[in-house]
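Chain residues, written in single-letter form:
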Amino acid sequence: MTDGTTRVFTWKEGARIEVRNLGSEIVIEANAAGLKTLAGHLFTLAQDGVPDGAHLHLEENNGLEDGSVGLVLERCDDE
(Lines give C-alpha, C1' and ligand atoms only; values in the text may rest on other atoms or scores of the structure.)
Protein backbone atom coordinates (compact mmCIF):
# COMPACT_ATOMS: atom_id res chain seq x y z
CA MET A 1 0.00 0.00 0.00
CA THR A 2 1.33 3.43 -0.92
CA ASP A 3 -0.35 6.76 -0.28
CA GLY A 4 -3.45 4.90 0.85
CA THR A 5 -3.64 3.01 -2.44
CA THR A 6 -3.15 -0.73 -2.56
CA ARG A 7 -0.93 -2.00 -5.38
CA VAL A 8 -1.55 -5.57 -6.47
CA PHE A 9 1.30 -7.63 -7.86
CA THR A 10 -0.14 -10.69 -9.57
CA TRP A 11 1.55 -13.89 -10.64
CA LYS A 12 0.73 -15.79 -13.80
CA GLU A 13 0.00 -19.47 -13.26
CA GLY A 14 3.11 -21.59 -13.79
CA ALA A 15 5.49 -18.61 -13.60
CA ARG A 16 9.11 -19.63 -13.14
CA ILE A 17 11.78 -16.99 -12.53
CA GLU A 18 15.41 -17.57 -11.65
CA VAL A 19 17.99 -14.84 -10.95
CA ARG A 20 21.70 -15.65 -11.08
CA ASN A 21 24.71 -13.46 -10.29
CA LEU A 22 27.55 -14.37 -12.66
CA GLY A 23 29.94 -11.80 -11.20
CA SER A 24 29.93 -9.22 -13.96
CA GLU A 25 26.38 -9.99 -15.13
CA ILE A 26 22.98 -10.68 -13.62
CA VAL A 27 20.89 -13.22 -15.52
CA ILE A 28 17.12 -13.27 -15.18
CA GLU A 29 15.84 -16.51 -16.69
CA ALA A 30 12.11 -17.06 -16.91
CA ASN A 31 9.50 -18.98 -18.81
CA ALA A 32 6.79 -17.08 -20.72
CA ALA A 33 4.54 -16.90 -17.66
CA GLY A 34 7.48 -15.63 -15.59
CA LEU A 35 8.33 -12.93 -18.12
CA LYS A 36 4.69 -11.81 -18.20
CA THR A 37 4.69 -11.74 -14.40
CA LEU A 38 7.82 -9.56 -14.29
CA ALA A 39 6.37 -7.27 -16.96
CA GLY A 40 3.20 -6.91 -14.87
CA HIS A 41 5.21 -6.09 -11.74
CA LEU A 42 7.16 -3.41 -13.61
CA PHE A 43 3.96 -2.01 -15.12
CA THR A 44 2.39 -1.81 -11.65
CA LEU A 45 5.38 0.16 -10.35
CA ALA A 46 5.19 2.47 -13.40
CA GLN A 47 1.57 3.49 -12.81
CA ASP A 48 0.65 7.11 -12.08
CA GLY A 49 0.49 7.79 -8.37
CA VAL A 50 3.10 5.21 -7.37
CA PRO A 51 5.61 7.14 -5.27
CA ASP A 52 9.35 7.30 -5.73
CA GLY A 53 10.96 4.49 -3.75
CA ALA A 54 8.05 2.04 -4.06
CA HIS A 55 9.54 -1.40 -4.47
CA LEU A 56 8.99 -5.14 -4.52
CA HIS A 57 11.36 -7.78 -3.14
CA LEU A 58 11.59 -11.10 -4.95
CA GLU A 59 13.58 -13.82 -3.21
CA GLU A 60 14.11 -17.54 -3.16
CA ASN A 61 10.88 -19.03 -1.76
CA ASN A 62 9.13 -15.68 -2.40
CA GLY A 63 8.56 -15.85 -6.14
CA LEU A 64 11.97 -16.98 -7.35
CA GLU A 65 13.31 -20.44 -8.00
CA ASP A 66 15.53 -22.20 -5.45
CA GLY A 67 19.12 -21.01 -5.67
CA SER A 68 18.18 -17.57 -6.98
CA VAL A 69 19.75 -14.39 -5.67
CA GLY A 70 17.36 -11.72 -4.44
CA LEU A 71 15.94 -9.16 -6.83
CA VAL A 72 14.45 -5.78 -5.91
CA LEU A 73 12.29 -3.90 -8.40
CA GLU A 74 12.21 -0.25 -7.34
CA ARG A 75 10.77 2.92 -8.78
CA CYS A 76 13.16 5.87 -8.84
CA ASP A 77 12.00 9.11 -10.46
CA ASP A 78 15.13 11.08 -9.58
CA GLU A 79 17.09 12.09 -12.65
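The structure under discussion appears in the preceding block.
The following refers to the structure shown. (Residues numbered from 1 in each chain as written. Predicted model: local features only at pLDDT ≥ 70, side-chain atom pairs only at ≥ 80, totals over all residues. Heavy atoms only, no water.)

The next point concerns the sheet that holds strand β5 (residues 71-74). The three strands lie next to each other as β4-β3-β5, forming an open sheet whose pairing is mixed. Edge strands, defined here as strands with exactly one partner in the open sheet, are β4 (63-64) and β5. Sheet analysis places strand β3 (residues 55-60) next to β4, joined by two bridges and oriented parallel. Each bridged residue has a counterpart across the sheet, and for E60 the counterpart in β4 is L64. Sitting on the sheet, helix α1 (residues 32-46) is in contact with β3 and β5, with an inclination near 35° to β5. (Pairing = 2+ DSSP bridges. Helix = DSSP H or I, 4+ residues; strand = E, 2+ residues; numbered from the N terminus. Contact = heavy atoms within 4.5 Å. Axes fitted to C-alpha atoms, helices over the stretch in contact; angles between N-to-C directions.)

Moving on: the nonpolar core. By size, the foremost hydrophobic cluster in this structure holds 12 residues: I17, V19, A30, L38, L45, V50, A54, L56, L58, L64, L71 and L73. Elements that contribute at least two residues to this core include exactly β1 (17-21), α1, β3 and β5. Every residue in contact with L73, bar those within four places of it in the chain, is listed here: L38, H41, L42, L45, A54, H55, L56 and L58. (Core = buried A, V, L, I, M, F, W, Y, C linked by side-chain atoms within 4.5 Å. Buried < 20%, exposed > 50% of the residue type's maximum accessible area, 1.4 Å probe, protein only.)

Another aspect to go through is the environment of A15. Within the element layout of this structure, A15 appears in the segment before β1. We classify A15 as partly exposed; its relative accessible area is 24%. In this structure A15 touches N31, A33, G34 and T37, once residues within four positions along its chain are discounted.

Looking now at the pairing of β5. The side-chain alternation of β5 yields one buried face, formed by L71 and L73, and one unburied face, formed by V72 and E74. Here four bridges tie β3 to β5, and the two strands are oriented antiparallel to one another. Each residue of the ladder has a partner; that of H55, found in β5, is E74.

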